[in-house]
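# Structural features, examined
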Amino acid sequence: MNQESVVAKMLEASEKYLHIKLDMNDVSSLLSISKIQMYLKGQTIIGINEKLTHMGFVLNGIVRSYYLDMDGNEITKNFHKESYLLMDEGLIGYDRSICAYETLEDSAIILFDVVKLRNMIQNSEKLKDMYIAALESGIKYKLHRENEFLMNNATKRYLQFEKDYPELVDRVKQAHISTYLGITPESLSRIKKALNKTSDINGGNYE
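Below is a summary of the structure that appears in this document. Here the structure is a predicted model, which is why all the values come from computation and not from measurement.

Reading the values: rules and limits
- Residues numbered from 1 in each chain as written.
- Predicted model: local features only at pLDDT ≥ 70, side-chain atom pairs only at ≥ 80, totals over all residues.
- Heavy atoms only, no water.
- Helix = DSSP H or I, 4+ residues; strand = E, 2+ residues; numbered from the N terminus.
- Rg over C-alpha atoms; globule rule 2.2 N^0.38 Å.
- Buried < 20%, exposed > 50% of the residue type's maximum accessible area, 1.4 Å probe, protein only.
- Contact = heavy atoms within 4.5 Å.
- Areas by Shrake-Rupley, 256 points an atom, 1.4 Å probe, with all protein chains shown as cover.
- Lys, Arg positive; Asp, Glu negative; His and termini not counted.
- Charge placed at Lys NZ, Arg CZ, Asp CG, Glu CD.
- Pairing = 2+ DSSP bridges.
- Axes fitted to C-alpha atoms, helices over the stretch in contact; angles between N-to-C directions.
- Salt bridge = Lys/Arg side-chain N within 4 Å of Asp/Glu carboxyl O.
- Patch = residues over 30% accessible without salt bridge, like charges linked within 9 Å, V, L, I, M, F, W, Y side chains within 5 Å.
- Parallel < 35°, antiparallel > 145°, perpendicular 65-115°, else oblique.
- Left-handed = near helix turned anticlockwise from the far one by under 90°.
- Nonpolar A, V, L, I, M, F, W, Y, C, P; charged D, E, K, R; others polar.
- Expected span 1.5 Å × (residues − 1).

Bringing the overall build of the chain into the picture now. Along the backbone of the chain there are seven helices and eight strands. For the chain, the C-alpha radius of gyration of 18 Å lies close to 17 Å, the compact-globule estimate for 207 residues. When burial is assessed residue by residue, the chain has 43% of its 207 residues classed as buried. Long-range contacts, defined here as pairs at least 24 residues apart, represent 71% of the contacts in the chain between residues at least 6 apart. Element-wise, carbon and sulfur atoms account for 51% of the exposed surface of the chain, whose accessible area totals about 11,800 Å². The positive charge centre, built from 26 side chains, and the negative charge centre, built from 29, are 2 Å apart in the chain.

Here it is as structure tokens:
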């Protein structure tokens, strides 16, 4: 991916997801403290409790973040698709990663030096605004996830996943989606079969 494409993705993402309009100088400053890293499908970018030195931005591909439960099972925390941030714990004071990040496809990631980025944010009002917007976005996502688990059953959670991530339904393993939803792969399979049956009866509509 050439620099022009990288710049275009960063400008688009900041405006689309954070509602902050960066200019070329802002992006150039960010790129000066970054590097682009290519990862093959199935690679671990960083493991749990490893030293956090960089924050990432997905240019191409999909990255999954996950925890381990008491029995050592992987529990999907989030899916980071194109133009999404990852490993951003370092920006809010974590020295070590609280979850692991692995690629689900061959992926191109921009890695920003966390210490340099934090210093840059302190000296730029626009980047400070972007940082605040990113924090707000993270809080909204957390509240959204909590509400899903407290208020909705597994079927409604899956339908919400389809709505939130329509492009990921066929790109991500069902086992990963099931742990994201807090159910077993077998339960997810039953839910999808029931929804498909309802869709056939109603002429392609779940309702």
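That shown, we press on.
The subject of this paragraph is the sheet that holds strand β3 (residues 54-60). The strand order β1-β8-β3-β6 describes an open sheet built from four strands, whose pairing is antiparallel. Looking along the sheet, the strands with just one partner apiece sit at the ends: β1 (34-39) and β6 (85-86). Helix α1 (residues 3-17) rests against β1, β3 and β8 (107-113) of the sheet, and its axis sits at about 105 degrees to β3.

What follows concerns the sheet that holds strand β7 (residues 100-103). Spatial strand order, β2-β7-β4-β5: four strands in an open sheet with antiparallel pairing. Taken across any chain shown, the strands that pair with only one partner, and hence form the sheet edges, are β2 (44-46) and β5 (74-80). Neighbouring strand axes in the sheet, compared pairwise and without regard to direction, differ in orientation by 30 degrees on average. Pairing analysis gives two bridges linking β2 to β7, with the strands arranged antiparallel. Across the sheet, residue Thr44 finds its bridge partner in β7, namely Glu102.

Right, let's talk about the side chain of Lys9 for a bit. Within the secondary structure, Lys9 sits in helix α1. It is Glu12 that comes nearest to the buried, bridge-free Lys9 among opposite-charge side chains, at 5.7 Å. In this view, Lys9 contacts Met1, Phe57, Leu59, Asn60, Glu82 and Ser83; residues no more than four positions away in its chain are not counted.

A contiguous nonpolar surface patch, about 480 Å² in accessible area, is contributed by Tyr67, Ile75, Ile92, Tyr94, Ile98 and Leu135. Tracing the backbone shows Tyr94 in the loop between β6 and β7.

Bringing the packing of helix α4 (residues 125-151) against helix α5 (residues 154-164) into the picture now. Interaxial distance between α4 and α5 falls to 9 Å at its minimum, and their mutual angle equals 150 degrees. The angle between the axes of α4 and α5 places the two elements in the roughly antiparallel class. Crossing hand, α4 versus α5: right-handed. Touching His144, Glu148 and Phe149 of α4 are Lys156, Arg157, Gln160 and Asp164, all from α5. When the residues that make up the contact of α4 with α5 are grouped by side-chain class, the tally is one nonpolar, two polar and four charged.

Relative to the 21 Å expected for 15 residues at 1.5 Å per residue, α1 spans 21 Å between its end C-alpha atoms, a close match to the ideal helical length. In this structure, the buried residues of α1 make contact with α2 (24-31), β1, β3, β8 and α4.

Here the structure, examined in full by the defined rule, presents 10 salt bridges. Between Glu74 and Arg64 there is a salt bridge whose closest N-O contact spans 2.5 Å. Highlighted residues: Glu74 in strand β5 and Arg64 in strand β4 (residues 63-68), separated in sequence by 10 residues. With its nearest N and O atoms 3.3 Å apart, the salt bridge here joins Glu82 to Arg171. Placement of Glu82 in the loop between β5 and β6 and of Arg171 in the loop between α5 and α6 (174-181) is noted, with a sequence separation of 89 residues between them. Arg171 gets classed as partly exposed once you look at its relative accessible area, which sits at 31%. A cluster of three or more residues bridged by salt bridges with shared partners is formed by Asp23, Asp26 and Lys126.

Nothing here speaks to function; it is geometry throughout.
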